[in-house]
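Structural overview for review
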Amino acid sequence: MVITIPLVLLLGIGALLLLRFKAVGFGAAVAVALFGFYLAHTGAADTVNQLVTAMTGALAGIGR
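This is a predicted model, so every value here is computed, not measured.

Regarding its fold elements, the protein chain presents three helices and zero strands. For the protein chain, the sequential pattern of α-helices and β-strands runs α-α-α. In terms of overall dimensions, the protein chain is more spread out than a globule: its C-alpha atoms have a radius of gyration of 14 Å, far above the 11 Å expected for 64 residues. Of all 64 residues assigned to the protein chain, the portion counted as buried reaches 0%. Summed over its atoms, the accessible surface of the protein chain is roughly 5800 Å², and 74% of this surface lies on carbon and sulfur atoms.

Structure below.
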């Protein structure tokens, strides 16, 4: 059985862990989140999406 987890959920958990263990300050986490929202509205969004899709596909291929 294959279980899929949305990437946004994994990144959110990672950000929360970084905040909890004080590896990143709250201001930096907010700045990075806002940067992500603004990046999604640029021409680079398609390139970033293709890169992430290729990386997740490669990671899925390793498990087989």
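A few words on unusual backbone geometry. Phi is positive for Lys22, which is not a glycine, with a value near 55 degrees. Tracing the chain through its elements places Lys22 in the loop between helix 1 (7-20) and helix 2 (26-39). For Lys22, a relative accessible area of 73% corresponds to the exposed category.

Before going further, it helps to spend a moment on a nonpolar patch on the surface. Taken together, the side chains of Ile5, Leu7, Val8, Leu9, Leu10, Leu11, Ile13, Leu17 and Phe21 define a hydrophobic patch exposed on the protein surface, amounting to about 900 Å² of accessible area. For Val8, the position within the fold is in helix 1. You can call Val8 exposed: its relative accessible area is 67%.

Right, let's get into helix 1. Helical periodicity: at 3.6 residues per turn, an α-helix aligns residues three or four positions apart in one direction. In this model helix 1 runs 20 Å from its N-terminal to its C-terminal C-alpha over 14 residues, within 8% of the 20 Å that 1.5 Å per residue would give. Directly after helix 1, the chain includes Lys22, whose backbone phi takes a positive value near 55 degrees.

Its location among the elements puts Val32 in helix 2. Judged by its relative accessible area of 57%, Val32 is exposed. Linking Val32 and Thr42, residues 10 residues apart in sequence, is a C-alpha distance of 16 Å.

With that out of the way, let us pick up the environment of Leu9. Within the secondary structure, Leu9 is located in helix 1. When the C-alpha positions of Leu9 and Phe35 are compared, they lie 17 Å apart, and in sequence the two are 26 residues distant.

The rules behind these values
Residues numbered from 1 in each chain as written. Predicted model: local features only at pLDDT ≥ 70, side-chain atom pairs only at ≥ 80, totals over all residues. Heavy atoms only, no water. Helix = DSSP H or I, 4+ residues; strand = E, 2+ residues; numbered from the N terminus. Rg over C-alpha atoms; globule rule 2.2 N^0.38 Å. Buried < 20%, exposed > 50% of the residue type's maximum accessible area, 1.4 Å probe, protein only. Areas by Shrake-Rupley, 256 points an atom, 1.4 Å probe, with all protein chains shown as cover. Patch = residues over 30% accessible without salt bridge, like charges linked within 9 Å, V, L, I, M, F, W, Y side chains within 5 Å. Salt bridge = Lys/Arg side-chain N within 4 Å of Asp/Glu carboxyl O. Expected span 1.5 Å × (residues − 1).

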